[in-house]
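# An overview of the molecular structure
Now for the letters of each chain:
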Amino acid sequence: MKKDTERVNDMQKILIVEDEEKIARFVELELKHEGYKVEKAFDGRKGLELAESGEHDLILLDIMLPGINGIEILRRIRRNSNVPVIMLTARDAVMDKVSGLDMGADDYITKPFAIEELLARIRVILRKSAVTETKTHVLHCSGITLDSDRFKVTYNGVPVELTAKEFSLLQTLMQNKNIVMSRDTLLADVWGYDYLGETNVVDVYVRYLRQKIDEKFGAKIITTVRGVGYVIKED
Ligand code: CA
């Protein structure tokens, strides 16, 4: 997400991923009329490629798409980004709504929709994200999103329940991603210099994190550097 504060007067850029070209073109026209910049994709692959550019302030994402479906696109976007996403769903597709929201969509709108309603929802979400961008402290790394203001961690959009110490250890590793952290440094950062317990507490908590993230999701987040400590790597 963009962080500069001089963005208020910039045109906000919206990505439409929708294979019904008539709908896509109509929405594009209306959005441009409202002063937004618009990019569009008519299939899942192109949509994912554009979404991963990270250039958009908001994404309108259809679910049933040729190539890659909208839920899968959302899952991949959420590995690295909090960009607001509104899902476009077919009427009565309750499962789509549920899985979309579970995967981290911000809102959904059922087709056919009134353009005024869509525009109103876009305004609300963009306003909300403008506020949170300046206020929250959110870290992203290898599919993990850690929000230190809300004390919330997700892996690919799925919530992960952590204790305060586990959270703090993960946060320290994420803040220092790609830097190998020694056990002593982690101990001082997370438990404090005056900690008097066992030094293997770091290993114990790394194991807890691995149980809750790596083992649960089949991921490999924390790497052990033998004889030194731990690191979260991201290319
Ligand atoms: Ca469709």
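Below is a short write-up of the structure. Just so it is clear, the model here is predicted, and its values are computed rather than measured.

## Here's the deal with the packing of helix 6 (residues 164-175) against helix 7 (residues 183-191)
Following both chains from N to C, one finds helix 6 and helix 7 inclined at 125 degrees, their axes separated by 9 Å at the closest point. By the angle between their directions, the pair helix 6 and helix 7 is classed as oblique. The interaxial crossing formed by helix 6 with helix 7 has right-handed handedness. Contact residues: helix 6 offers Lys165, Ser168, Leu169, Thr172 and Leu173, while helix 7 offers Leu186, Asp189, Val190 and Trp191.

## Observations regarding the pairing of strand 7 (residues 144-147)
Across the two faces of strand 7 the burial is the same, with Ile144 and Leu146 and Thr145 and Asp147 all buried. Inspection of the sheet shows strand 6 (residues 138-141) paired to strand 7 by four bridges, in the antiparallel sense. If you follow Val138 over to strand 7, its bridge partner there is Asp147. Connecting strand 6 to the antiparallel partner strand 7 that follows it, the hairpin turn spans two residues, and Ser142 within it adopts a positive phi of roughly 45 degrees. Strand direction decides the pairing type here: strand 7 and strand 8 (residues 152-155), joined by four bridges, are antiparallel. Bridge pairing links Leu146 to Val153 in strand 8. The antiparallel pairing of strand 7 with strand 8 creates a hairpin that spans four residues between the two strands, and Phe151 there sits at a positive phi of about 55 degrees.

## Thoughts on the sheet that holds strand 12 (residues 229-232)
Spatially, three strands are ordered 10-12-11 in an open sheet, and the strand pairing comes out antiparallel. Taken across any chain shown, the strands that pair with only one partner, and hence form the sheet edges, are strand 10 (181-182) and strand 11 (222-225). The pairing of strand 10 with strand 12 spans two bridges and is classified as antiparallel. Residue pairing across strands places Ser182 opposite Gly229, the latter belonging to strand 12.

Procedures and definitions
- Residues numbered from 1 in each chain as written.
- Predicted model: local features only at pLDDT ≥ 70, side-chain atom pairs only at ≥ 80, totals over all residues.
- Heavy atoms only, no water.
- Axes fitted to C-alpha atoms, helices over the stretch in contact; angles between N-to-C directions.
- Helix = DSSP H or I, 4+ residues; strand = E, 2+ residues; numbered from the N terminus.
- Parallel < 35°, antiparallel > 145°, perpendicular 65-115°, else oblique.
- Left-handed = near helix turned anticlockwise from the far one by under 90°.
- Contact = heavy atoms within 4.5 Å.
- Buried < 20%, exposed > 50% of the residue type's maximum accessible area, 1.4 Å probe, protein only.
- Pairing = 2+ DSSP bridges.

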